[in-house]
There are 2 protein chains.
Amino acid sequence: MAVGGQRIGLCGLGTVGSGVVNIFNTHGGLIRQRCGAHLELTHIGARRDNPGCDVGSRRVSRDIFDVVRDPDIDIVVELIGGTTVARTLVEEALEQGKHVVTANKALMAEHGNKLAAMAEERGLALRFEAAVAGGIPVIKTLREALAANSISGIVGIINGTGNFILTEMASAGRSFADVLAEAQALGYAEADPTFDVDGTDAAHKLVILASLAFGVPLDRDGPFTEGIDRVAPVDIDFARELGYCIKHLGIARRQSDGLDLRVHPTLVPATKQIARVDGVLNAVMIEADAVGEIVLTGPGAGSLPTASAVCGDLLDLGRVLSRAPADPIPILGIPTSDLRSLPVVLPGDVTCAWYLRLVVADRPGVMAEITRLLGDSGISIESLIQRPPKADSSHVTVVMLTDTVTGRQIESAVADIAALSALQGGVTTLRVESFEEA
Amino acid sequence: MAVGGQRIGLCGLGTVGSGVVNIFNTHGGLIRQRCGAHLELTHIGARRDNPGCDVGSRRVSRDIFDVVRDPDIDIVVELIGGTTVARTLVEEALEQGKHVVTANKALMAEHGNKLAAMAEERGLALRFEAAVAGGIPVIKTLREALAANSISGIVGIINGTGNFILTEMASAGRSFADVLAEAQALGYAEADPTFDVDGTDAAHKLVILASLAFGVPLDRDGPFTEGIDRVAPVDIDFARELGYCIKHLGIARRQSDGLDLRVHPTLVPATKQIARVDGVLNAVMIEADAVGEIVLTGPGAGSLPTASAVCGDLLDLGRVLSRAPADPIPILGIPTSDLRSLPVVLPGDVTCAWYLRLVVADRPGVMAEITRLLGDSGISIESLIQRPPKADSSHVTVVMLTDTVTGRQIESAVADIAALSALQGGVTTLRVESFEEA
């Protein structure tokens, strides 16, 4: 019955690609034992050598498409990143009848539906464990371990760079810009950190998780997205005083009227496990009907952790494809033809508690006016901190936590408050996640 | 290529068995979509009905062996527990050519080598995700997700009853016996809680994890085992004062001279994630060379969480066996013929820091004498708490944290101290886990 051993072609020899080569170099014996089938990395496509990586006697091509067209290759690993050449590469690999493993979240979030359908039509595997949360097996957990669960929610810290920056801001009281510069110097943040900072990277990952959890097509434009650049050290301090940490969360919940999909800085109760996941770590909390709540924590990026996930996919495929012609696990958890869109709940309709911070003139009647305007929008105040004015100031800082209300209610109240002459500057608003549904 | 759908026979309709039936009752559609193959629960063997469980029109046998001998059944699920009838049942199922899924940690720890070899010889699956840490996919993570890693250590809270008792003792200052009685009333602890209390249950699970992680045969007698009954509220208080929580841990580490396998109450730094896993939750921390450290947390017991793991195994098998004749994943992570025993490091040779508590006469020279005796065994004191004597007492309580030393050094020093006339009662000793190797 043996369909035979599998030969792997690797495209891209950067951080993750070199990690994969290093694992195959050091763990050949282990891979053979655990795979129970012949699984070899034989052909590498890379524009240039990577001095940190010994490719040995493997074939190396400067044109990565040579790997895709190599008739000896059974599985193509795409680790070049981006969504243009990578897309062409994966499409061509599938057209050539190769199974594909990728770590590319942007590619999956933007073009995953088409790629999954292409692979499915051809009976080919398309695996992407490394695309979300690095070395944490969250895709495997959703697609396999929890396959008999109806999943109601996922809440995750799924961008390590952003979590590192928020953690440093919180522990050292430093500004966003200052910590970002350090993260870049340390290599935690890219030279162009836009996607980490503005939430795009986390949104890509959330789109993938939501598809697997809820059986919806991948929808790049689904999540409401805010970055970490709107968090000021003063908000971290006030949040702590109120018993919260600020974390950049991806949230995906199935609600009666659709999907709640959001990526934004969030106040999280300091007692909650996810509030204590610091630095470059990732964490994913899954709420499901049978299992309840499970939390997976670990390194969300890095050469070897991400390569560990790529190799996990490769060993899975090595074991299966040596005995059967196809990967038995549906690429997106269920057959792509069974995926059904659900409406995404508009930010204005999403309910949560809110954190509001504003600076107002220190004179009688101002707080009464603000409370009245909130009340007019149906908003109650659960906690309030008012800082006495500094000696040389005629203004006070006011911080409030509201009860659970819609985004529309907050928007309306904030517009009213913004019109007050007593207000100095704008109103800072941050969402609170209280995990009541968990 | 379709080998066809799979019919499941379930033996045992207790807590977990009824959970499995309930999942099949409510999630038939989901299971069909995610499995991509016909997977049906058709035959149930149970000595009596379970009123919390609607078996529908399924065939029910009072003799569970009727399930095993049913020629229509492809997969037998063993959920009767114990190691006598369950063993015969699983052996007969394998002899009849049935694949087996079990949640039975005692059975796997005690007879797993033979059962795995029997299954392997016959090309049959033997799955046991639910045997360790309930709904947390730790077996899948070790066998599949981390298959390309060399695993160096596992540290886990793997007995929910014990963790519940320690958490309650810590939060309410209550005695062990008092909390145990409550746990029994709440249904968290069995009528006979011996295996939860004395560490046997955790040792069974640790044996399974160690086999998968290190490629060693299952060895029921491997771990050094201590229960939670030796933890007094006063130790929890002193530990807290020193910056630690007391958790009942299973620890499995590969060392240069063998395997360090231990189950015992342990002081854990309060800042460590695993120290904050409270109540009936389980947590498993895995240290591996590529991924680094990952932590999985979730419900370690209960009807639906454990059934979620059983059904995860069933869906995996359903998907695979409809396309190929056998489970491609080696039962114990690698072929049983490749398993190699490693010597278990004797408790006397294991090194860690220690917590010592003793009551001594409050007179000059006593502390100097104790310090000297520790020094004679090569032990330094890292922290010390000495409580002033109560008004009516001539004795003081002394608590010490030592540096990292062998069990033999502690044993020798404690024997010397026990001979002092100034000592009142015995010396309480607990191990400290500082996670320096992580």
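Model, not experiment: these values are computed from the prediction. (Residues numbered from 1 in each chain as written. Chains lettered and ligands numbered in written order. Predicted model: local features only at pLDDT ≥ 70, side-chain atom pairs only at ≥ 80, totals over all residues.)

Caption draft 1: Highlighting the pairing of strand S5 (residues 99–102) of chain B. Residues and elements named next belong to chain B. Residues His-99 and Val-101 point to one face of S5 and Val-100 and Thr-102 to the other, with burial holding for every one of them. Where strand S4 (residues 75–78) lies against S5, four bridges are found, and the strand directions are parallel. Bridged to Val-77 within S5 is Val-101. In this fold, S4 hands off to helix H4 (residues 85–95), which returns the chain to S5; that crossover is right-handed. One ladder, built from two bridges, connects S5 with strand S6 (residues 126–127); its direction is parallel. Residue pairing in the sheet places Val-100 in a bridge with Leu-126 of S6. (Buried ≥ 20, exposed ≤ 12 C-beta atoms within 10 Å, placed from the backbone. Helix = DSSP H or I, 4+ residues; strand = E, 2+ residues; numbered from the N terminus. Pairing = 2+ DSSP bridges. Right-handed = clockwise from strand over helix to strand, strands pointing away.)

Caption draft 2: Structural context of helix H8 (residues 176–186) of chain B. All names here are of chain B. Buried residues of H8: Val-179, Leu-180 and Ala-183, and no others. Projected down its long axis, H8 carries its buried residues within an arc of 105 degrees, all on one side. Exposed side of H8, more than 90 degrees from the buried face: Ala-177 and Ala-185 are the residues found there. Buried residues along H8 sit against helix H7 (160–172). Trailing H8 by a residue or two, Gly-187 shows a phi angle of about 85 degrees, which is positive. (Arc of directions from axis to C-beta. Contact = placed C-beta atoms within 7 Å.)

Caption draft 3: Molecular detail of helix H10 (residues 200–214) of chain B. Residue and element names in this part refer to chain B. In a regular helix each residue adds 1.5 Å, so 15 residues correspond to 21 Å; H10 covers 21 Å between its end C-alpha atoms and thus fits that length. Taken across its 15 residues, H10 has 15 buried, putting it largely inside the fold. In the stretch just after H10, Gly-215 is the one whose phi turns positive, near 70 degrees. (Expected span 1.5 Å × (residues − 1).)

Caption draft 4: Expanded view of the confidence of the model for chain A. Residues of chain A with pLDDT of at least 70 account for 99%, and the chain-wide mean is 94. For this predicted complex, the interface score ipTM comes out at 0.95, alongside a pTM of 0.96. (pLDDT = per-residue confidence, 0-100.)

Caption draft 5: A look at the domain arrangement of chain A. Residues and elements named next belong to chain A. If you check the domain split of chain A, you get domain 1 (6–135 + 303–338), domain 2 (140–299) and domain 3 (347–432). For domain 2 versus domain 3, the distance between C-alpha centres works out to 26 Å. Each side of the interface is counted separately: domain 2 has twelve residues, and domain 3 has twelve residues. For the side of domain 2 that touches domain 3, the secondary structure elements donating two or more residues are helix H11 (233–241) and strand S10 (258–269). (Domains from an automatic or database assignment.)

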